[in-house]
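Remarks on the overall topology
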Amino acid sequence: MDDLRSDACVEIKADGDLPSELARTQIPAGRYGVIEHRGPYSELQQAYHWLFGVWLPQSGEQPANIPVIEQYLNLPHNTPPKDLRTEIWIALNN
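Structural notes, computed from the coordinates. (Residues numbered from 1 in each chain as written. Predicted model: local features only at pLDDT ≥ 70, side-chain atom pairs only at ≥ 80, totals over all residues. Heavy atoms only, no water.)

The strand order across the open sheet formed by three strands is β1-β3-β2, and the pairing between neighbours is antiparallel. Single-partner strands in this sheet number two, and they are β1 (31-38) and β2 (69-72). This sheet shows a mean twist of 25° between the axes of neighbouring strands, independent of strand direction. Relative to strand β3 (residues 85-92), β1 runs antiparallel, the two being bridged by eight bridges. Paired with Glu 36 across the strands is Glu 87, a residue of β3. (Pairing = 2+ DSSP bridges. Helix = DSSP H or I, 4+ residues; strand = E, 2+ residues; numbered from the N terminus. Axes fitted to C-alpha atoms, helices over the stretch in contact; angles between N-to-C directions.)

Put into structure tokens, the structure is as follows:
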């Protein structure tokens, strides 16, 4: 776990102001394999296992050298854990 890194991101307009302590980044355009996980964040590893262990080998696709993206579609402060929705995006080589 010492090698685990993550960035938290929010969407802003391309010409939007950004505080100096934040860095601007952009999700690269391209093809992505996407799965939607429904349930607690503590069970996300099941979706990762299926995406990387089942779908990716069977798809014939190769992952691009871009970090995986998690997009949280609702919020844990007003959504029961069983109803949380998270998209996991894996970039694919063209």
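Residues Ile 35, Leu 44, Ala 47, Leu 51, Leu 56, Ile 88, Ile 90 and Leu 92 constitute the largest nonpolar core, which totals eight residues. For this core, the secondary structure elements donating two or more residues are α1 (44-59) and β3. Looking at which element gives the most residues to this core, the answer is α1, with four residues. Those residues in contact with Leu 51 that sit more than four places away from it in its chain are Ile 35, Leu 56, Ile 88 and Ile 90. (Core = buried A, V, L, I, M, F, W, Y, C linked by side-chain atoms within 4.5 Å. Buried < 20%, exposed > 50% of the residue type's maximum accessible area, 1.4 Å probe, protein only. Contact = heavy atoms within 4.5 Å.)

A few words on the layout of surface pockets. One water molecule sets the probe size; rolling that probe over the atoms shows where empty space is left. Space inside the largest pocket adds up to approximately 1400 Å³. Lining the largest pocket we find 30 residues, and of these Asp 7, Ala 8, Cys 9, Thr 25 and Ile 27 sit closest to its centre. The leading source of residues in the lining of the largest pocket is β2, at four residues. The residue inventory of the lining of the largest pocket, partitioned by class, reads 19 nonpolar, four polar and seven charged. (1 Å grid on protein atoms, 1.4 Å probe; cavity = no way out; pocket = protein on both sides within 12 Å on 5 of 7 lines; lining within 4 Å. Points joined across faces, edges and corners; volume = space filled by probe spheres on them. Nonpolar A, V, L, I, M, F, W, Y, C, P; charged D, E, K, R; others polar.)

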